[in-house]
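Coordinate inspection notes
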Amino acid sequence: MAQIIDGKAISAQIKEELKDRVSQMKAEGREVTLAVIQVGSDPASTVYVGNKKKACGYVGIRSLSYELPEETTEEKLLGLIEELNGRTDVNGILVQLPLPKHISEDKVIGAICPEKDVDGFHPQSVGKLCIGQPGFVSCTPAGIIQLLKRSGIEIAGKECVVVGRSNIVGKPMALLLLRENGTVTVAHSKTEDLKSICRRADILVAAVGRPKMITREYVKEGAAVIDVGIHRMENNKLCGDVDYEDVAPVCSAITPVPGGVGPMTIAMLMNNCVESVELQAK
Ligand code: NDP
């Protein structure tokens with residue numbers, strides 16, 4: 001029977017640890033502050049932003065909210081980021097994506113001071129991850145490393161296959177597994193014979209964005225399977241990129257959807273906010 005990796009419980013544990021750290025910092029006269037910027041009123045973004053602010057409140061992080069109208073100009077947004085970059089009482093800056101089409105996401109991400117880039121999307125953060133220097137790491141893949149470690153799944157020396165090469169999940173995931181001494185293969189839509197490559201994996205990470213694509217034909221018996229995908233099905237239930245019912249009987253460990261990778265993303269954002277205070281103090 002596969003071990004079900006409980007992301008809800010692990011993220012709750014991380015938030016408790018952070019809560020203790022934040023109250024310790026407060027006792028030393030240090031406060032953690034995250035500025036959250038949302039442009040427009042996309043309903044999904046509003047839910048994500050609300051969840052992030054709620055988590056801040058729970059952990060004891062002060063959150064500053066900037067809700068800008070859809071028609072906000074790029075110049076105005078860049079001006080706000082510049083102002084927040086310069087404020088010593090702001091530790092982290094988060095711009096909720098996606099942005100309206102008339103604003104360049106690359107420009108906006110690049111404008112955030114790397115010491116406040118708690119999403120880990122700035123090219124300098126990505127570069128530091130690549131060359132093994134300390135810096136912010138994209139929250140979803142950082143959360144997956146925590147899931148593996150806290151579930152007692154060994155990464156060093158193992159065959160790791162990441163399906164997907166996006167800048168926010170697949171690529172940083174591959175770099176993090178490499179940093180943990182995994183032997184890493186990155187597969188994508190042009191990969192030939194994907195099934196046999198996936199079947200090599202001791203740790204298989206699916207970040208494909210295709211509902212239930214990964215069936216047991218892609219999975220080596222006894223592998224650990226991490227499902228990043230999240231999709232709403234016609235019956236309104238959620239599913240991942242992995243066909244859970246098909247794969248669970250053949251693997252040694254698996255993340256469910258919901259309740260696997262999802263809850264880890266916000267926990268790691270909170271972690272990055274706390275780390276930002278330490279980083280800025282240096
Ligand atoms: P993207 O769409 O940016 O990337 C998908 C990747 O999968 C691409 O690299 C693409 O290859 C590859 N791919 C697509 N189809 C195939 C295929 N048939 N065979 C092999 N590879 C394929 O998605 P994201 O990385 O942003 O997200 C992936 C999933 O994770 C989504 O379901 C998303 O909703 C979810 N997600 C969940 C989060 C969470 O907190 N749980 C956070 C972020 C994302 P190519 O590069 O060649 O096009």
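Residues numbered from 1 in each chain as written. Predicted model: local features only at pLDDT ≥ 70, side-chain atom pairs only at ≥ 80, totals over all residues. Heavy atoms only, no water.

1. As for the nonpolar core
Counting 50 residues, the largest nonpolar core has Ile 61, Leu 177, Val 205 and Met 270 as its most contacted members. The dominant element in this core, judged by the number of residues it contributes, is helix α10 (residues 262–281), at nine residues. In this structure Val 205 touches Ile 144, Val 161, Val 162, Val 163, Met 173, Leu 177, Ile 226 and Val 228, once residues within four positions along its chain are discounted. Among the nonpolar cores identified, the runner-up in size contains 21 residues, and Ala 2, Leu 194, Val 219 and Val 250 belong to it. (Core = buried A, V, L, I, M, F, W, Y, C linked by side-chain atoms within 4.5 Å. Buried < 20%, exposed > 50% of the residue type's maximum accessible area, 1.4 Å probe, protein only. Helix = DSSP H or I, 4+ residues; strand = E, 2+ residues; numbered from the N terminus. Contact = heavy atoms within 4.5 Å.)

2. A few points about the sheet that holds strand β3 (residues 62–68)
Pairing is parallel across the open sheet formed by three strands, whose spatial order is β3-β2-β4. Bordering the open sheet on either side are β3 and β4 (92–95), each of which pairs with just one other strand. Between one strand axis and the next, the sheet turns through 15° on average, direction left out of account. In the sheet, strand β2 (residues 33–39) pairs with β4 via four bridges, with the strands oriented parallel. Following the sheet pairing, Ala 35 is matched in β4 by Ile 93. Helix α2 (residues 43–59) rests against β2, β3 and β4 of the sheet, and its axis sits at about 170° to β2. (Pairing = 2+ DSSP bridges. Axes fitted to C-alpha atoms, helices over the stretch in contact; angles between N-to-C directions.)

3. Quick notes on the pattern of salt bridges
Throughout the structure, instances matching the rule amount to twelve salt bridges. When the shortest N-O distance is used, the salt bridge between Arg 150 and Glu 17 registers 2.9 Å. With Arg 150 in helix α6 (residues 139–150) and Glu 17 in helix α1 (residues 7–27), this residue pair connects regions lying 133 residues apart in the sequence. For Glu 17, a relative accessible area of 38% puts it in the partly exposed group. We note a salt bridge from Glu 217 to Lys 195, for which the minimum N-O separation is 3.6 Å. Taken together, the residues span a long stretch of sequence, with Glu 217 in the loop between β7 (203–206) and β8 (224–227) and Lys 195 in helix α8 (residues 194–198) at a distance of 22 residues. For Glu 217, a relative accessible area of 44% translates into the label partly exposed. Ionic contacts of the salt-bridge type, sharing partners, join the residues Arg 62, Arg 87 and Asp 89 into one network. (Salt bridge = Lys/Arg side-chain N within 4 Å of Asp/Glu carboxyl O.)

4. A few points about the environment of Ala 224
By secondary structure assignment, the location of Ala 224 is in strand β8. Judged by relative accessible area, which is 4%, Ala 224 ranks as buried. The contacts of Ala 224, once residues within four sequence positions are left out, are Ile 153, Asp 202, Ile 203, Leu 204, Ser 252 and Ala 253.

5. Remarks on the site of the ligand
Taken together, 22 residues form the shell around the ligand, and within it Arg 165, Ser 166, Ser 189, Arg 210 and Thr 265 come nearest. Between an oxygen atom of the ligand and a main-chain N or O atom of Val 208, the distance comes to 3.4 Å. Ile 230 places a main-chain nitrogen or oxygen 3.4 Å from an oxygen atom of the ligand. In isolation the ligand exposes 930 Å². Once the protein is present, 69% of that is buried. Partitioning the shell around the ligand into residue classes produces nine nonpolar, ten polar and three charged. (Near = heavy atom within 4 Å. Polar contact = N/O pair within 3.5 Å; in protein donor to acceptor, adjacent residues only side chain to side chain. Areas by Shrake-Rupley, 256 points an atom, 1.4 Å probe, with all protein chains shown as cover. Nonpolar A, V, L, I, M, F, W, Y, C, P; charged D, E, K, R; others polar.)

6. Focus on the layout of surface pockets
Approximately 470 Å³ is the volume found for the second largest pocket. As for the second largest pocket, its lining consists of 19 residues, and the residues nearest its centre are Gly 135, Val 137, Arg 179, Asn 271 and Glu 275. For the lining of the second largest pocket, the secondary-structure elements that each account for two or more residues are α6, α7 (170–179) and α10. Among the elements that take part in the lining of the second largest pocket, α10 stands out by supplying six residues, more than any other. Tallied by class, the residues present in the lining of the second largest pocket amount to eight nonpolar, five polar and six charged. (1 Å grid on protein atoms, 1.4 Å probe; cavity = no way out; pocket = protein on both sides within 12 Å on 5 of 7 lines; lining within 4 Å. Points joined across faces, edges and corners; volume = space filled by probe spheres on them.)

7. Digging into empty space enclosed by the protein
Tallied over the full model, the rule gives one cavity of 30 Å³ or more. The computed volume of the largest cavity comes to approximately 60 Å³. In terms of lining residues, the largest cavity is bounded by Ile 93, Val 95, Leu 97, Ile 109, Ile 112, Asp 117, Asp 119 and Phe 121. Considering only residue class, the lining of the largest cavity consists of six nonpolar, no polar and two charged.

8. Topic: the packing of α6 against α7
Relative to each other, α6 and α7 sit at 40°, their axes nearing to 9 Å. By the criterion of interaxial angle, the relationship of α6 to α7 is oblique. When you trace α6 past α7, the crossing you get is right-handed. Judged by residue contacts, Pro 141, Ala 142, Ile 144, Ile 145 and Leu 148 of α6 engage Pro 172, Met 173, Leu 176 and Leu 177 from α7. For the contact of α6 with α7, the residue count by class is nine nonpolar, no polar and no charged. (Parallel < 35°, antiparallel > 145°, perpendicular 65-115°, else oblique. Left-handed = near helix turned anticlockwise from the far one by under 90°.)

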